[in-house]
Structures are given as C-alpha cells and as structure tokens.
Amino acid sequence: LIPAGVDGSRDNQGFLMNRQKDTNSLNLPDGGVSYVDLMDTMTFAADFSFEWWQKYSDGSWLGIAGLDETDGILIKSTTELQVRIDDGSGDNLSFTDSRGGWHHFVLTRSSNTLNLYRDGVIDVSDSETAAGNFEVRYIGTHYPGSSHFEGSLDDVKIYSKALSTAEITRNYNAGKRSHR
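Attention here is on the structure that accompanies the text. (Residues numbered from 1 in each chain as written. Predicted model: local features only at pLDDT ≥ 70, side-chain atom pairs only at ≥ 80, totals over all residues. Heavy atoms only, no water.)

**Focus: the sheet that holds strand β2 (residues 36-44)**
Then step 1. One open sheet holds the six strands; their spatial order is β2-β12-β4-β5-β6-β7, and the pairing between them is antiparallel. If you trace the sheet from one side to the other, it starts and ends with β2 and β7 (91-94), each paired once. Strand-to-strand twist across the sheet, computed as the mean angle between neighbouring axes with direction ignored, equals 25 degrees.
Then step 2. Bridge count between strand β6 (residues 80-85) and β7: four bridges; the pairing is antiparallel. (Pairing = 2+ DSSP bridges. Helix = DSSP H or I, 4+ residues; strand = E, 2+ residues; numbered from the N terminus. Axes fitted to C-alpha atoms, helices over the stretch in contact; angles between N-to-C directions.)

**Examining the pairing of strand β4 (residues 62-68)**
Then step 1. Among the seven residues of β4, six are classified as buried, and the element is accordingly described as predominantly covered.
Then step 2. Relative to strand β5 (residues 71-77), β4 runs antiparallel, the two being bridged by five bridges. Looking at β5, one finds that leucine 62 is bridged to isoleucine 75.
Then step 3. The turn linking β4 back onto β5 is made up of two residues.
Then step 4. Inspection of the sheet shows β4 paired to strand β12 (residues 134-139) by two bridges, in the antiparallel sense. Within the sheet, the bridge partner assigned to glycine 66 lies in β12 and is tyrosine 138. (Buried < 20%, exposed > 50% of the residue type's maximum accessible area, 1.4 Å probe, protein only.)

**Some points on the packing of aromatic side chains**
Then step 1. Inspection of every chain in the model, using the stated rule, returns eight aromatic pairs.
Then step 2. Aromatic side chains phenylalanine 48 and phenylalanine 134 sit 4.9 Å apart centroid to centroid with 10 degrees between the ring planes, which places their arrangement in the stacked category. Highlighted residues: phenylalanine 48 in strand β3 (residues 48-55) and phenylalanine 134 in strand β12, separated in sequence by 86 residues. No difference in accessibility class separates phenylalanine 48 from phenylalanine 134, as the two residues are buried.
Then step 3. Geometrically, the ring pair formed by tryptophan 52 and phenylalanine 105 is stacked, given 5.5 Å between the ring centres and 15 degrees between the ring planes. With tryptophan 52 in strand β3 and phenylalanine 105 in strand β8 (residues 103-110), this residue pair connects regions lying 53 residues apart in the sequence.
Then step 4. Given a relative accessible area of 0%, tryptophan 52 falls into the buried group.
Then step 5. In textbook terms, an aromatic cluster arises when at least three aromatic residues are bridged by ring pairs, as seen for Phe50, Trp52, Phe95 and Phe105. (Phe/Tyr/Trp six-rings, centres within 6.5 Å; stacked < 30°, edge-to-face > 60°.)

**Observations concerning helix α1 (residues 165-176)**
Then step 1. Here α1 spans 16 Å end to end across twelve residues, near enough to the 16 Å set by a 1.5 Å rise per residue.
Then step 2. Residues of α1 that are buried: Glu167, Ile168, Asn171, Tyr172 and Gly175. Down the axis of α1, the buried side of the element spans an arc of 135 degrees, and every buried residue falls inside it. For α1, the exposed residues lying more than 90 degrees away from the buried face are Ala166, Arg170 and Ala174.
Then step 3. Against the buried residues of α1 lie β3, β8, β9 (113-118) and β15 (151-159). (Expected span 1.5 Å × (residues − 1). Arc of directions from axis to C-beta. Contact = heavy atoms within 4.5 Å.)

**Things to note about the environment of histidine 142**
Then step 1. When you line up the elements, histidine 142 lands in strand β13 (residues 141-143).
Then step 2. Counting along the chain gives 71 residues from histidine 142 to aspartate 71, while the straight-line C-alpha distance between them is 7.2 Å.
Then step 3. Setting aside residues no more than four positions away along its own chain, histidine 142 makes contact with Gly63, Ala65, Gly66, Leu67, Asp68, Glu69, Asp71, Gly72, Ile73, Leu74, Arg84 and Ser147.
Then step 4. One polar contact links the side chain of histidine 142 to the main-chain carbonyl oxygen of aspartate 68, over a distance of 3.1 Å. (Polar contact = N/O pair within 3.5 Å; in protein donor to acceptor, adjacent residues only side chain to side chain.)

**A look at the side chain of arginine 84**
Then step 1. In this structure, arginine 84 sits in strand β6.
Then step 2. We note that arginine 84 is buried and unpaired, the nearest opposite charge coming from glutamate 69 at a distance of 6.9 Å.
Then step 3. Reaching out from arginine 84, the side chain makes a polar contact with the backbone oxygen of glutamate 69 at a distance of 3.2 Å.
Then step 4. Polar side-chain contacts of arginine 84 include one of 2.6 Å to the side chain of glutamine 82. (Lys, Arg positive; Asp, Glu negative; His and termini not counted. Salt bridge = Lys/Arg side-chain N within 4 Å of Asp/Glu carboxyl O.)

**Some points on the pattern of salt bridges**
Then step 1. This model, assessed by the stated rule, comprises six salt bridges.
Then step 2. With its nearest N and O atoms 4.0 Å apart, the salt bridge here joins glutamate 80 to lysine 76.
Then step 3. Close ionic contact of glutamate 167 with lysine 161 constitutes a salt bridge, the shortest N to O distance being 2.7 Å.

The structure is reproduced here in structure tokens:
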C-alpha cells in the first residue's frame with residue numbers, strides 16, 4: 001500500500017522529490033512573465049553564495065534572481081552571466097555554454113570578489129570585484145517588469161557566506177543524480 005500523499009513525486013514522508021519530473025522544478029514558460037515573489041527582501045552586505053540548477057534552450061537577458069534594475073543575476077548571453085550589485089551596468093562573468101541540459105551554478109562573493117562555479121568547478125577565467133548590498137526578492141526574474149527566465153530552475157539556495165570549493169562540489173555531487 002502507498003501511504004496517503006505519496007505518489008511518483010513524493011517520498012513516503014510526503015516530501016517532494018526530484019525524479020526528473022517537470023512538476024518538481026520551477027518551470028517558467030517561454031515568453032511568459034512568471035516568477036516567484038519571496039514577499040520580503042533579503043539583503044547581503046558582505047559575503048554570500050547563490051546556488052541554483054538551470055535548464056533552458058536559448059535566450060538572453062534571462063533573470064535568475066534579483067530585486068530591481070540595480071540588483072540581479074541574469075544570463076546575459078549563452079556564455080555570460082551579469083551580476084548587478086548596487087550597479088545597473090553590472091559585472092560580467094563568462095561561463096561555458098550550458099543550453100539544453102541541467103547545469104549547476106554557484107555565484108559566490110567573498111571579500112567583494114565574485115566567482116562563478118559551473119557543475120562543481122570554478123568556471124571563470126577572471127573574477128570581478130563587487131562591493132555594496134546585494135538584494136534579492138524575486139526568483140525567475142531580476143525584477144517583475146523585465147528579463148524573465150524562460151526554462152526550469154531548481155534547488156535554488158541562498159547562503160549568507162561564501163561557500164568553499166569543497167562545499168560547492170559536495171552540493172553538485174548531491175544534486176547531479178536528480179538533474180540528468
């Protein structure tokens with residue numbers, strides 16, 4: 001017998017599992033204006049890490065998260081991430097093209113230095129410097145009026161510290177089985 005509340009997307013305790021079902025990730029339609037409003041703004045004055053899994057087919061200026069025009073994380077192009085921290089023009093971090101499949105990303109700020117990790121390893125040849133408060137309220141856009149993500153986001157995590165390479169690799173290895 002299957003206990004009440006358990007189906008192919010839940011474990012026997014009723015918790016959601018990610019078994020490659022579209023229902024378990026945040027699926028944002030192409031051309032849509034869907035996003036998640038956290039209903040409160042999180043402010044990071046010092047070190048932080050922003051972690052997520054993403055899957056998309058194509059596009060540019062796709063918002064991952066943010067608050068407004070001056071605070072956000074966006075896919076600027078298929079090989080460039082733009083990070084805006086109290087800055088409308090932002091800092092650009094290059095990464096390996098990740099269209100088509102699931103990929104794990106972690107953006108860290110440690111002592112005002114930004115680093116980007118892709119699939120458990122650092123994926124930028126040069127780091128950027130970004131001081132100021134980073135603020136987040138929305139997931140799937142950097143603010144409601146513009147730049148909505150078109151694809152799937154999963155396992156979004158925000159830390160009030162810069163994760164170490166070992167922690168990032170551990171998180172990647174823990175999630176890669178469910179993101180094939």
